[in-house]
Amino acid sequence: MKVALIIVSILLIAVVLLQAGKTDDNNVITGGSSALFTNRKERGGELFITRLTILLGVIFFVLCFIQGF
């Protein structure tokens, strides 16, 4: 059980680091933009990585919950 939790943890960290940023690089220094919380359509690889992150997060939570009991 602990080995599975470690593997899922490492995969989750790697997938989160692979995700693209949601903001424009131009507005980092100037203080942000008004379009920060607008809906942006994710396509292709971005959509896959987002769904994989959600799946790994749920698996991580379930494994932690099971290990706690």
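Overview of the structure. (Residues numbered from 1 in each chain as written. Predicted model: local features only at pLDDT ≥ 70, side-chain atom pairs only at ≥ 80, totals over all residues. Heavy atoms only, no water.)

Secondary structure assignment for the protein chain yields two helices and zero strands. Counting all 69 residues of the protein chain, 10% fall into the buried class. The contacts in the protein chain between residues at least 6 apart in sequence include a share of 82% that link residues at least 24 apart. (Helix = DSSP H or I, 4+ residues; strand = E, 2+ residues; numbered from the N terminus. Buried < 20%, exposed > 50% of the residue type's maximum accessible area, 1.4 Å probe, protein only. Contact = heavy atoms within 4.5 Å.)

This next bit is on helix α2 (residues 45-68). Look at α2: 34 Å from first C-alpha to last across 24 residues, which is about the 34 Å you get at 1.5 Å a residue. Buried positions along α2 lie against α1 (2-18). (Expected span 1.5 Å × (residues − 1).)

Note that Leu 47 resides in helix α2. A relative accessible area of 29% means that Leu 47 is categorised as partly exposed. Put simply, Leu 47 and Gln 19 are 28 residues apart on the chain and 9.8 Å apart in space, counted from C-alpha to C-alpha.

This next bit is on the packing of aromatic side chains. Within the structure shown, the criterion is met by two aromatic pairs. On the basis of an interplanar angle of 20° and a centroid distance of 6.2 Å, the ring pair of Phe 61 and Phe 65 is categorised as stacked. One end of the pair is Phe 61 and the other is Phe 65, both in helix α2 and four residues apart, which spans about a single turn. Measuring from centroid to centroid gives 5.1 Å for Phe 65 and Phe 69, while their planes differ by 80°, and the two rings are edge-to-face. Note on Phe 69: relative accessible area 79%, which makes it exposed. Here a set of aromatic residues connected by ring pairs shows up, and it is made of Phe 61, Phe 65 and Phe 69. (Phe/Tyr/Trp six-rings, centres within 6.5 Å; stacked < 30°, edge-to-face > 60°.)

Attention shifts here to the packing of α1 against α2. Following both chains from N to C, one finds α1 and α2 inclined at 150°, their axes separated by 9 Å at the closest point. One element, α1, and the other, α2, form an angle in the roughly antiparallel class. In this structure, α1 crosses over α2, and the sense of that crossing is left-handed. In contact with Lys 2, Ala 4, Leu 5, Val 8, Ser 9, Leu 11, Leu 12, Val 15, Val 16 and Leu 18 of α1, α2 contributes Ile 49, Leu 52, Thr 53, Leu 56, Gly 57, Ile 59, Phe 60, Leu 63, Cys 64 and Gln 67. For the contact of α1 with α2, the class distribution of residues is 15 nonpolar, four polar and one charged. (Axes fitted to C-alpha atoms, helices over the stretch in contact; angles between N-to-C directions. Parallel < 35°, antiparallel > 145°, perpendicular 65-115°, else oblique. Left-handed = near helix turned anticlockwise from the far one by under 90°. Nonpolar A, V, L, I, M, F, W, Y, C, P; charged D, E, K, R; others polar.)

What follows concerns the side chain of Thr 53. One can find Thr 53 in helix α2. Engagement of the side chain of Thr 53 in a polar contact is seen with the side chain of Gln 19, the distance being 2.9 Å. Ignoring sequence-local partners within four residues, the contact set of Thr 53 consists of Leu 12, Val 15, Val 16 and Gln 19. (Polar contact = N/O pair within 3.5 Å; in protein donor to acceptor, adjacent residues only side chain to side chain.)

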